[in-house]
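Spelled out from the first residue to the last, the chains are:
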Amino acid sequence: MITFENIDVVYPNGFKGLSNVNLQINKGEFVAIVGLSGAGKSTLIRTVNGLVPFTSGTLTVGDVVVDPRSKAKLRRLRSRVGMIFQSFNLVTRVSVLNNVLVGRSADTPTWRSLLGWYRAEDKELAFQSLERVGIVDKAYMRAASLSGGQQQRVAIARVLAQDPEVILADEPVASLDPPTAHKVMRDLRRIQQELGITTIVNMHHLDLARSYADRVIGMRAGEVVFDGPVEEATDEVIEQVYQRSLTAEDIVTAEATQE
Amino acid sequence: MVTTSTAERRAAPQAATVRPEPPRPSGLVYLGLAGLAVLAFIVFWVIQESGDVLLIPLGFVTLWAPLNPVIGLVVMLVALAVCFKARIGTMAAFGALAFIMMSYWAGATVGFTLLEIPERWSNVEPRLMAFLDPNWSYIWTVRDQWLITISMAVVATLVGCAIGLVLAMYASPVSSPNKGTSQTIKAVNSVIRSIPDVGWALLFVAFIGGTAHGLGPMAGILALLMFNIGIVAKLTSETIDAVNPGPVEAADASGATLTQRNRLAILPQVLPGFVSYGLYVFELNIRASAALGIVGVGGIGSAMMLQLNRFQFENVAAILIALIVVVLLVDMFSMYIRRKLL
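Rules used in this analysis
Residues numbered from 1 in each chain as written. Chains lettered and ligands numbered in written order. Predicted model: local features only at pLDDT ≥ 70, side-chain atom pairs only at ≥ 80, totals over all residues. Heavy atoms only, no water. Helix = DSSP H or I, 4+ residues; strand = E, 2+ residues; numbered from the N terminus. Rg over C-alpha atoms; globule rule 2.2 N^0.38 Å. Buried < 20%, exposed > 50% of the residue type's maximum accessible area, 1.4 Å probe, protein only. Areas by Shrake-Rupley, 256 points an atom, 1.4 Å probe, with all protein chains shown as cover. Lys, Arg positive; Asp, Glu negative; His and termini not counted. Charge placed at Lys NZ, Arg CZ, Asp CG, Glu CD. Axes fitted to C-alpha atoms, helices over the stretch in contact; angles between N-to-C directions. Parallel < 35°, antiparallel > 145°, perpendicular 65-115°, else oblique. Left-handed = near helix turned anticlockwise from the far one by under 90°. Contact = heavy atoms within 4.5 Å. Nonpolar A, V, L, I, M, F, W, Y, C, P; charged D, E, K, R; others polar. Expected span 1.5 Å × (residues − 1). Pairing = 2+ DSSP bridges. Salt bridge = Lys/Arg side-chain N within 4 Å of Asp/Glu carboxyl O. Core = buried A, V, L, I, M, F, W, Y, C linked by side-chain atoms within 4.5 Å. Buried area = accessible area lost by both parts, 1.4 Å probe. Polar contact = N/O pair within 3.5 Å; in protein donor to acceptor, adjacent residues only side chain to side chain. Patch = residues over 30% accessible without salt bridge, like charges linked within 9 Å, V, L, I, M, F, W, Y side chains within 5 Å.

What's the story with the overall build of chain A in this structure? I'm lost.
Helices and strands together make up the secondary structure of chain A, namely nine helices and ten strands. Against the 2.2 N^0.38 benchmark of 18 Å for 259 residues, chain A shows a C-alpha radius of gyration of 18 Å, consistent with a compact globule. With the C-alpha coordinates aligned to their principal axes, the bounding extent of chain A is approximately 50 × 45 × 35 Å. Within chain A, buried positions represent 53% of all 259 residues. When the accessible area of chain A is evaluated, it comes to approximately 11,200 Å², of which 49% is carbon and sulfur surface. Here chain A holds 29 positive side-chain charges and 31 negative ones, and the gap between their average locations is 9 Å.

Please explain the packing of helix α10 (residues 197-208) of chain B against helix α11 (residues 216-241) of chain B as it appears in this structure.
A packed helix pair is summarised by two numbers, namely the angle formed by the two axes and the spacing between the axes. Residue and element names in this part refer to chain B. At a minimum axis separation of 8 Å, α10 and α11 run at an interaxial angle of 140°. Judged by the inter-axis angle, α10 sits oblique to α11. In this structure, α10 crosses over α11, and the sense of that crossing is right-handed. Between α10 and α11, the contacting residues are D197, W200, A201, F204, V205 and I208 on the first element and M218, A219, L222, A223, M226 and F227 on the second. Of the residues assigned to the contact of α10 with α11, the class counts are eleven nonpolar, no polar and one charged.

Whenever I open this one, the packing of helix α6 (residues 148-161) of chain A against helix α7 (residues 178-195) of chain A confuses me. Can you help?
All names here are of chain A. The geometry of α6 relative to α7 is characterised by a closest axis approach of 10 Å and an angle of 15° between their N-to-C directions. Classified by the interaxial angle, the pair formed by α6 and α7 is roughly parallel. Viewed along their axes, α6 and α7 form a crossing whose handedness is right-handed. Facing α6, whose interface residues are G149, Q152, R153, I156 and L160, α7 presents T180, K183, V184, D187, L188, I191 and L195.

It is not clear to me how α10 of chain B should be interpreted in this structure. Could you clarify?
Given 3.6 residues per helical turn, the α-helix brings residues three or four places apart onto the same face. All names here are of chain B. Taking 1.5 Å as the rise per residue, α10 with twelve residues should run 16 Å; its terminal C-alpha atoms sit 16 Å apart, in good agreement. Among all positions in α10, only D197, G199, W200, A201 and F204 are buried. Those residues of α10 hidden inside the fold are in contact with α9 (179-194), α11 and α13 (258-292).

Could you clarify how one ought to interpret the sheet that holds strand β5 (residues 64-65) of chain A in this entry?
All names here are of chain A. Pairing in this open sheet of four strands is antiparallel, and the strands run β2-β1-β4-β5 from one edge to the other. In this open sheet, the two strands that pair with only one neighbour each are β2 (16-25) and β5. Across two bridges, strand β4 (residues 56-61) lies against β5 in antiparallel orientation. For T60, the partnering residue across the bridge sits in β5 and is V65. In the packing of helix α1 (residues 41-48) onto the sheet, the strands contacted are β1 (2-10), β2 and β4, and the crossing angle to β1 comes to about 120°.

What should I look at first to understand the pairing of β2 of chain A in this one?
Across a regular strand the side chains alternate sides, sitting on one face of the sheet and then on the other. Residue and element names in this part refer to chain A. Pairing between β1 and β2: six bridges, direction antiparallel. By the bridge assignment for β2, F4 is matched with L23. Between β1 and β2, which pair antiparallel and follow one another directly, the connecting turn spans five residues, one of which, G14, has a positive phi of 95°.

Quick question: what am I supposed to make of the sheet that holds strand β7 (residues 166-169) of chain A here?
Hydrogen bonds between backbone groups are what pair the strands of a sheet, and the pairing can be parallel or antiparallel. All names here are of chain A. Spatial strand order, β6-β7-β8-β3-β9-β10: six strands in an open sheet with mixed pairing. A strand with exactly one partner marks an edge of an open sheet, and here the two such strands are β6 (81-84) and β10 (223-229). On average, adjacent strands in this sheet sit at an angle of 15° to one another, irrespective of strand direction. Relative to strand β9 (residues 215-220), strand β3 (residues 30-34) runs parallel, the two sharing four bridges.

Before we go on, may I ask you to explain the pattern of salt bridges in this structure?
Two side chains bearing opposite charge may form a pair once their charged atoms approach each other closely. Scanning all chains against the criterion turns up 22 salt bridges over all chains. Between R69 of chain A and D67 of chain A there is a salt bridge; the shortest N-O distance is 3.4 Å. The salt bridge involving R87 of chain B is made with E21 of chain B; its shortest N-O contact spans 3.2 Å. On the criterion of sequence distance, the pair formed by R87 of chain B in the loop between α3 (69-85) and α4 (90-110) and E21 of chain B in the loop between α1 (6-16) and α2 (27-47) is long-range, its members being 66 residues apart. By relative accessible area, which is 21% here, R87 of chain B ends up partly exposed.

Can you help me understand the nonpolar core in this one?
Most often, soluble globular proteins have nonpolar side chains that are buried together. One finds V100, L130, I156, M185, L188 and L208 of chain A to be the most contacted residues of the largest nonpolar core, which totals 91 residues. Apart from the residues lying within four places of it in its own chain, the contact partners of M185 of chain A are F30, V173, V201, M203, L208 and Y212 of chain A. Grouped together as the second largest cluster of nonpolar side chains are 31 residues, F4, I45 and V61 of chain A together with A253 of chain B included.

I tried to follow the interface of chain B and chain A on my own but got confused; where do I start?
By a widely used convention, the size of an interface equals the accessible area lost when the partners come together. Counting from both sides, the interface comprises 21 residues of chain B and, opposite them, 29 residues of chain A. Overall, the association of chain B and chain A removes approximately 1,900 Å² of surface from exposure, summing both partners, and the carbon and sulfur fraction of that is 59%. On the surface where chain B and chain A come into contact, there are one salt bridge. Summed over the shared surface of chain B and chain A, the number is eight residue pairs in polar contact (both at pLDDT 80 or more). Secondary structure elements with two or more residues in the side of chain B that touches chain A: α12 (245-253) and α13 of chain B. If one sorts the elements of the side of chain B that touches chain A by residue count, α13 of chain B sits on top with eight residues. Its residues assigned to classes, the side of chain B that touches chain A shows eleven nonpolar, seven polar and three charged.

I keep staring at a nonpolar patch on the surface and nothing clicks. Help me out?
Residues and elements named next belong to chain B. The grouping of V38, I42, V43, V46, I47 and W105 at the surface amounts to a nonpolar patch, some 560 Å² of accessible area in total. The element best represented in the nonpolar patch is α2, accounting for five residues. Along the chain, the position of V43 falls in helix α2. On the basis of relative accessible area, V43 is assigned to the partly exposed category, the value being 44%.

Right, here's the structure in full:
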């Protein structure tokens, strides 16, 4: 369970990223955050694992109160909170397996990381994660040689290797074409349901949010302006969030063909 | 008519349209620039040290001209006239003028002239002849010195690159623990780089003794080592500055420590560059060790120095030619590796 209590984020340049956010996200929920760019979606997600430190309020993840000033505490928190990015953020020059093993960092002694000599059980966990996203046969290929959709799956496997309680996904399908976007979202949904991992996803495509999430949070100017189950996130409500009428760009269309 | 021939399309606009001309630069500013040139000429005239005269022998008559300041003025005014004719902007013309003034001033200060070379020909000729007739067998005689040179280069490169990589990791703000560390390491690095390789060699020869004490190669390795650390740390830390920040953020987000994220997210990205810098300094080391011999560290440089002092120019020539060949070979080798790598 993740609890935001009166969370404010003020960036060093004075820009207010979040203002007075109060949220409660239950364990195992799949939450989609929608809003125009600059609305504070990324800031909200990055506050959870301390990549963006909040400036006031109280944030609890599970039974841990997040303290953005303590590096050691943040590392312990981050080991339980996985993150997926829009641009995949893989080290493209090294193998898929080594990318997935980055997810084992928190549980690996530094000297083992330095030598690249991982324990057998860590490798096994990495292989299992790759199996779960269906690309275990690519384990020893360079990450650069994979397609965008496959790279995002490697990123998901990297997160799974952390054995996380929470998955944060910042625009995970914004760089992908519509059929691939659906495939990756289906993977995320399946993993959330199979493993009961709390999943928070930022997105700007409404139809994806409606087809895969349990709950939709709408943001505007750093504030939460809508919070409710998918059924309540009608076009009228979202137009209120966006403060404009919906256009074709707000949907991704092209439902993926079944594999 | 939809299709027109190329010729028609080319010919059509010529008749009616007039293309815009480049704007004419302000004549007043150009006049001011000419005034500046005259001012510079007066200054140069006043500060010139000798009343040298340039003699241009043409066979039947000898032309003469007061050396330098007048030539400088003529060059400046001609340059301005050309700029004006070509309608070049006043700022660019000022740049050209400044370039001529600076190079004139610098050249005049050190007395740069090519006129003395013919006068010294009697001195140059015997040495040149010796250089053109190298003593080939001597190359093999100094093989031990070659071995020492290459060993010095290998050791200095390996150790220097290792230390340079660690320093680079602490010097770049992307990979260092905090801003203070990176600023400090950067300052230390600047000091290391500000002393040239020959300077380091002189220092170490003074500290631990040179060839005379049988410690030449030792001082040489230490000098090359400092030289390499400076170069590798600088280049690598700038490469680290430019890495893709995405994987670094991902490693942070998965709870990696600083060392882990530097190893897992940054090192793979900078590795090709780092290896290429290593090969580059290896090449530099071979070349530098020839110059370092002059200040008394071991290797091929000391052999060359010895022969120079004995006026054995044919031996020096042999060493120089061998040096060129060795450097070329190392260069080809490192180019091959780099191509495989990138």
